[in-house]
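As a plain string of letters, each chain reads:
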Amino acid sequence: MAFGKVLIIDDDPDILTYLRTVFEGWGFAVDTADNGNEGINVAIEAQPALILLDLNMRGMTGFETARKLRDTP
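Cut-off values and rules
Residues numbered from 1 in each chain as written. Predicted model: local features only at pLDDT ≥ 70, side-chain atom pairs only at ≥ 80, totals over all residues. Heavy atoms only, no water. Core = buried A, V, L, I, M, F, W, Y, C linked by side-chain atoms within 4.5 Å. Buried < 20%, exposed > 50% of the residue type's maximum accessible area, 1.4 Å probe, protein only. Helix = DSSP H or I, 4+ residues; strand = E, 2+ residues; numbered from the N terminus. Pairing = 2+ DSSP bridges. Axes fitted to C-alpha atoms, helices over the stretch in contact; angles between N-to-C directions. Salt bridge = Lys/Arg side-chain N within 4 Å of Asp/Glu carboxyl O.

1. Brief notes about the nonpolar core
Line of reasoning, step 1. The biggest cluster of nonpolar side chains holds 10 residues, and these are Leu7, Ile9, Ala33, Ile40, Val42, Ala43, Ala46, Met57, Met60 and Leu69.
Line of reasoning, step 2. Elements supplying a minimum of two residues to this core: strand 1 (5-9) and helix 2 (36-46).
Line of reasoning, step 3. It is helix 2 that provides the largest number of residues to this core, a total of 4 residues.
Line of reasoning, step 4. The next biggest cluster of nonpolar side chains, apart from the first, holds 5 residues, and it includes Val6, Ile8, Phe23 and Val30.

This is the structure:
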C-alpha cells in the first residue's frame, strides 16, 4: 500500500529514474513528467500530495511551471 502520490517533474531521465526508485522504495506511488506542460497535466489528473520540480528545465522553466500549478484549481 502506498503512503501517497508523488509527482516528479524533471527533464533529466537519470534524475527521474533515481528519484522514482527512492520514493517507490519508501512506499510512495510515483508519477513522472519530463517537462512543465506534461507535469501540469499529470498533476491535474493524479492530484499528488507532493511535487518535486526541477527549476532549470528546457522550455517551460520550473518557476513558470510552479506559477501555472498554483493558478490551476
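2. Points about the sheet that holds strand 1
Line of reasoning, step 1. Spatially, 2-1-3 is the arrangement adopted by the 3 strands of the open sheet, whose pairing is parallel. Both edges of this open sheet fall to strand 2 (29-33) and strand 3 (50-53), since each of them pairs with a single strand only. Taking the axes of each pair of neighbouring strands and ignoring which way they run, one obtains an average angle of 20° across the sheet.
Line of reasoning, step 2. Pairing between strand 1 and strand 2: 5 bridges, direction parallel. Considered in strand 2, the bridge of Ile9 is made with Ala33.

3. Examining the pattern of salt bridges
Line of reasoning, step 1. According to the stated counting rule, one finds 2 salt bridges in the structure shown.
Line of reasoning, step 2. Between Asp11 and Arg58 there is a salt bridge, and its shortest N-O distance comes to 3.5 Å. Placement of the pair is Asp11 in the loop between strand 1 and helix 1 (13-25) and Arg58 in the loop between strand 3 and helix 3 (62-71), with a sequence separation of 47 residues.
Line of reasoning, step 3. On the basis of relative accessibility, which here comes to 16%, the residue Asp11 falls in the buried class.
Line of reasoning, step 4. By relative accessible area, which is 65% here, Arg58 ends up exposed.
Line of reasoning, step 5. Taking the shortest distance from any N to any O, the salt bridge between Glu24 and Arg20 comes out at 3.1 Å. One end of the pair is Glu24 and the other is Arg20, both in helix 1 and 4 residues apart, which spans about a single turn.
Line of reasoning, step 6. Given the relative accessible area of 28%, Arg20 is considered partly exposed.

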